[in-house]
Amino acid sequence: MLKKLVSTVLDNRNEQDRTIRVLMFGNSGIGKTSTLTAMYDQFNRVIDKNIPLQLIPDNETSNRLNKKLSLLKQQIASDQIRTKSLMTGTKHSEEFDFFIAKDEDSPEKINIIFRDFPGGYLETERKNVKDWVKESDVLIIPIDTPALIEENGIYNEEINSPAKLYDIFSAIRGSLEINNRLVIFVPLKNEKYLEGKLYYTNHIRDLIEKEFANLLQLFASFSIREKIAVVITSIQTLGGVKFSVIEKDQATGKSIFIFKKKGFGSGYSPRDAEQPLKYILTFSIAEVLKKRSKIYRKVGNFLNLDSDFEKAIKDFSKDYKQDHNFVILQGEELLKF
Ligand SMILES: Nc1nc2c(ncn2[C@@H]2O[C@H](COP(=O)(O)OP(=O)(O)O)[C@@H](O)[C@H]2O)c(=O)[nH]1
Ligand SMILES: [Mg+2]
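Colleague: Help me out: how do you make sense of the overall build of the chain in this one?
Modeller: Within the chain, the regular secondary structure consists of 14 helices and 11 strands. The proportion of buried residues among the 337 residues of the chain is 37%. Within the chain, counting contacts between residues at least 6 apart in sequence, those at least 24 apart form 80% of the total.

See below:
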């Protein structure tokens, strides 16, 4: 009893320095670093100027992402993009640290740590991956959309690895029953399938539900479903190009997905890249509020999140998109404050 009380109070103290841990899955070349880059680049651009918030990377994160940003912009300047050949994928596990605050000196902040690891780890470093899942609040599963859709999805298993993901999660299903989590499927490279009317008629959601059925059933199982919110947010980290054809590389026999510029003048134009962050912040603030009301009941004393800061976070995140391509599959309760 005493132990419980002490740990509640300690939790309480730590609330000042809140950290959200986000784990990014996906084989190299799927678009993890591009997603972070576009998110960081877009956040400060799209946020309403009346909301006093910034997404601030630490120095190392900033250097790495700015490098990536210039690579992406260069890439889009060429007429044709061959995935995997122009850029090297993630080779080892990396962390990208950000915080959200009014400014650098503000004592009120939320830390967000993204961890990115090479897809091969799903086979070779399973113990680490499982530990990372256990300590994460948010799991991001980027999806290579052309691999999901083209040629009836024959490339899906190899590129998006639903079976490997299922193995990892089902091995630790007990831990999924303990803390609340948010899982975000992020279809990428989807420019071709979201154009014009296709935005409202594409089958991306249906295909995710079909191809990841095992994983989704696990998340929806009795002891887990109250603990996990699952959403789909289709975003574009490049925007100016669209999938064109799959070609066989003569030398290696490997299939290469080719992207072409949408039009003569099209350039780097990410779309909706801030949306996953809105979901992450909505989930996080809802968690904080829940904890606070619990602590209030137990100890009769709670620590405030500065009310202006709390309001700013709510103002930014409350209007997350919900439409054909932004879907809450389960756990809507965890995304309400
Ligand atoms: N067309 C298009 N290409 C993308 C998108 N996101 C990523 N890519 C491509 O995928 C490549 C690999 O992405 P990267 O973020 O380096 O993958 P990582 O290994 O998972 O970190 C990039 O160089 C882009 O060419 C997207 O939204 N649209
Ligand atoms: Mg990477």
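Colleague: Is there a simple way to explain the environment of G29 in this structure?
Modeller: On the secondary structure map, G29 appears in the loop between β1 (17-24) and α2 (32-46). As for G29 and I159, which are separated by 130 residues in sequence, their C-alpha atoms are 9.1 Å apart.

Colleague: Would you mind going over the sheet that holds strand β9 (residues 241-248) with me for this structure?
Modeller: The strands making up a sheet are joined through hydrogen bonds of the backbone, oriented either antiparallel or parallel. Spatially, 3 strands are ordered β3-β10-β9 in an open sheet, and the strand pairing comes out antiparallel. This sheet does not close on itself; its edge strands, each paired only once, are β3 (80-82) and β9. The sheet shows a mean angle of 30° between the axes of neighbouring strands, direction not considered. Bridge analysis of β9 against strand β10 (residues 255-261) gives 7 bridges, and the strand direction is antiparallel.

Colleague: Where do I start with unusual backbone geometry in this structure?
Modeller: Both trends apply: most residues other than glycine have a negative phi, and most peptide bonds are in trans. The phi dihedral of E151 falls on the positive side, at around 45°, and the residue is not glycine. Relative to the assigned elements, E151 resides in the loop between α6 (145-149) and α7 (156-160). Accessibility expressed as a C-beta count within 10 Å gives 11 for E151, which makes it exposed. Positive phi, normally seen in glycine, also occurs at D272, with a value near 60°. Looking at where D272 falls in the secondary structure, it is placed in the loop between β10 and α13 (275-299).

Colleague: It is not clear to me how the nonpolar core should be interpreted in this structure. Could you clarify?
Modeller: A general feature of soluble globular proteins is that nonpolar side chains tend to end up buried together. Membership of the largest hydrophobic core comes to 71 residues, with the highest contact counts inside it found for V22, V138, I140, I141, L182, I184 and I280. Here the element with the most residues in this core is α13; it accounts for 7 residues. If we skip the residues at most four places from it in the chain, I184 touches V138, I140, I141, V231, T233, P276 and Y279.

Colleague: Could you clarify how one ought to interpret the environment of F25 in this entry?
Modeller: Inspection of the secondary structure assignment puts F25 in the loop between β1 and α2. Residue classification places F25 among the buried residues on the basis of 27 C-beta atoms within 10 Å. Residues F25 and P118, spaced 93 residues apart in sequence, show a C-alpha to C-alpha distance of 8.0 Å. Not counting residues within four places of it along the chain, the set of residues in contact with F25 comprises L139, I140, I141 and L165.

Colleague: Would you mind showing me how to read helix α14 (residues 307-317) here?
Modeller: The α-helix winds at 3.6 residues per turn, so residues separated by three or four positions along the chain end up facing the same way. All of the buried residues in α14 are F309, A312, I313, F316 and S317. Looking straight down α14, one finds that the buried residues subtend no more than 115° of arc, so they occupy a single side. Turned more than 90 degrees off the buried face of α14, the exposed positions are S307 and D308.

Colleague: Looking at this structure, how should I read helix α8 (residues 162-171)?
Modeller: Buried within α8 we find P162, L165 and F169. Each buried residue of α8 lies within a common arc of 65° when the element is viewed along its axis, so the set occupies one face. Contacts made by the buried residues of α8 are with β6 (138-144), α7, α9 (173-176), α11 (204-211) and α12 (213-219).

Parameters and conventions
For every chain, the first residue of the written sequence is number 1, and numbering continues from 1 along that sequence. Think of it this way: whatever chain is written first is A, whatever ligand is written first is 1, and the rest follow in order. The predicted nature of this model means local features are confined to residues of pLDDT at least 70 and side-chain atom pairs, given and counted, to a pLDDT of 80 or more, with totals for whole chains, interfaces and linings taken over all residues. For the purposes of this entry, the term helix denotes a DSSP run of H or I that reaches at least four residues, the term strand denotes a run of E that reaches at least two, and both are numbered from the N terminus. Partly exposed residues are those whose C-beta has more than 12 but fewer than 20 other C-beta atoms within 10 Å; with 20 or more the residue is buried, with 12 or fewer it is exposed, and the C-beta atoms are placed from the backbone. Here, residue contact means that the backbone-derived C-beta atoms of the two residues sit within 7 Å. At least two bridges found by DSSP between two strands is the condition for calling them paired. Angular values range over 0 to 180 degrees, each being the angle between N-to-C directions of two axes fitted as lines to C-alpha atoms, with helices fitted over their stretch in contact. Here, a nonpolar core denotes buried Ala, Val, Leu, Ile, Met, Phe, Trp, Tyr and Cys residues that are linked to one another through C-beta atoms within 7 Å. Our arc is simply the arc of the directions from the helix axis toward the C-beta atoms.

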